[in-house]
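# Breakdown of the fold
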Amino acid sequence: YFCRHGERWELQLKGSGKTPYSRNGDGRAVLRSSVREFLCSEAMHSLGIPTSRAASLVVSDDDVWRDQFYNGNIKKERGAVVLRLAKSWFRIGSLEILTHSGELDLLRRLLDFIIHEHFPSIAMNDSNRYLEFFSTVVSETANLIALWMSVGFAHGVCNTDNFSLLSITIDYGPFGFMDSYDPNFVPNTSDDERRYKIGNQASVGLFNLSKLLQALKPLLDTRQKQLASQILKGYGEHYYSRFTELFKTKLGLLGENENDNFLIAFLLKVSLLC
């Protein structure tokens, strides 16, 4: 942990080499992607979007071989290591893997730790604490993706392992910003099916939250499961409300007008045609 002004941050190295979770990868990172992550995470922070931060970047003498455009043209590149910080690096996938492997006692202990450390508004003696936790993650995830959309940011790989339980932007890989509005914009050249195109981010967020609910279900009773399903159904309303609020601010629209949503949709369509 890194302490500053009474806050605790978790440190993580990207590009330092293999770990038990590297699968078939080499655990290395190239300079160009490391610089992009450093700059973008700091830019997102300055834009007011919840994100991990970059503390330092060190260039390595190691050669790293990469197929940048996934076209079979492998080239040698300069390696680098980024020291990045976040309040927590726990992801939806951190809980999924425990439920999948049947480690329910560890799942409960990990959840209690996460709630105790990062969700102070939830009482640890509350029998509905996991339900409250899920409700918070649902609403904050909707807020995060609406913020992404408000600045034209496409994450690129929105799987459950890249979705933070604290609803911050993590794991900058093949991300990108739209130069002009295009709901089919895909920054990931390996995403041939356009699964993670920018226009899909809200629905992919819902999919990932449904996976979170599946991971939590062994710890919920019948009533809590029903309530959690209702909370998940409210995700779309949370997202749409925040999306509208952000775009009204961008357009300088004051108060409430029944034509506001029509105007936003009309302007986005005009942008697409331009």
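Look up: the structure comes first, before these words.
The paragraphs below set out a description of the structure included in this document. In this text the structure is predicted, and so the values were computed from the model without any measurement.

Reading the values: rules and limits
Residues numbered from 1 in each chain as written. Predicted model: local features only at pLDDT ≥ 70, side-chain atom pairs only at ≥ 80, totals over all residues. Heavy atoms only, no water. Pairing = 2+ DSSP bridges. Helix = DSSP H or I, 4+ residues; strand = E, 2+ residues; numbered from the N terminus. Salt bridge = Lys/Arg side-chain N within 4 Å of Asp/Glu carboxyl O. Buried < 20%, exposed > 50% of the residue type's maximum accessible area, 1.4 Å probe, protein only. Core = buried A, V, L, I, M, F, W, Y, C linked by side-chain atoms within 4.5 Å. Domains from an automatic or database assignment. Contact = heavy atoms within 4.5 Å. Phe/Tyr/Trp six-rings, centres within 6.5 Å; stacked < 30°, edge-to-face > 60°. Lys, Arg positive; Asp, Glu negative; His and termini not counted. Polar contact = N/O pair within 3.5 Å; in protein donor to acceptor, adjacent residues only side chain to side chain.

As paired elements, strand β2 (residues 7-14) and strand β4 (residues 75-86) share five bridges and run antiparallel to each other. Among the inter-strand pairings, K14 is bridged to a residue of β4, identified as V82. Sheet analysis places strand β3 (residues 53-66) next to β4, joined by 10 bridges and oriented antiparallel. When the sheet's bridge partners are listed, D63 is paired in β4 with R78.

Across all of its chains, the model carries 16 salt bridges by this definition. Across the pair R28 and D62 runs a salt bridge, and its minimum N-O distance is 3.7 Å. Of this pair, R28 sits in the loop between β2 and α1 (31-46) while D62 sits in strand β3; the two residues are 34 residues apart in sequence, bridging distant segments of the chain. Overall, D62 belongs to the partly exposed group, its relative accessible area being 34%.

One finds L95, F133, W148 and L212 to be the most contacted residues of the largest nonpolar core, which totals 59 residues. Looking at which element gives the most residues to this core, the answer is helix α4 (residues 129-150), with 13 residues. The residue makeup of this core includes at least three contributed by each of domain 1 (10-86) and domain 2 (92-250). Not counting chain neighbours up to four residues away, the residues in contact with F133 comprise L95, L111, I114, I115, F119, I122, L165 and L216.

This structure, assessed with the given rule, holds 11 aromatic pairs. For the pair W148 and F163, a centre-to-centre distance of 6.1 Å together with 80° between the ring planes defines the contact as edge-to-face. Highlighted residues: W148 in helix α4 and F163 in the loop between β5 (153-154) and β6 (176-177), separated in sequence by 15 residues. Here W148 and F163 have matching classes, each one buried. Aromatic side chains F153 and Y172 sit 6.1 Å apart centroid to centroid with 65° between the ring planes, which places their arrangement in the edge-to-face category. Highlighted residues: F153 in strand β5 and Y172 in the loop between β5 and β6, separated in sequence by 19 residues.

With that out of the way, let us pick up the side chain of D191. By the secondary structure assignment, D191 is in the loop between β6 and α5 (201-216). No salt bridge forms around the buried D191; measuring N to O, its nearest opposite-charge neighbour R195 is 7.1 Å away. Here the side chain of D191 touches Y196 through a polar contact of 2.8 Å, landing on its backbone nitrogen.

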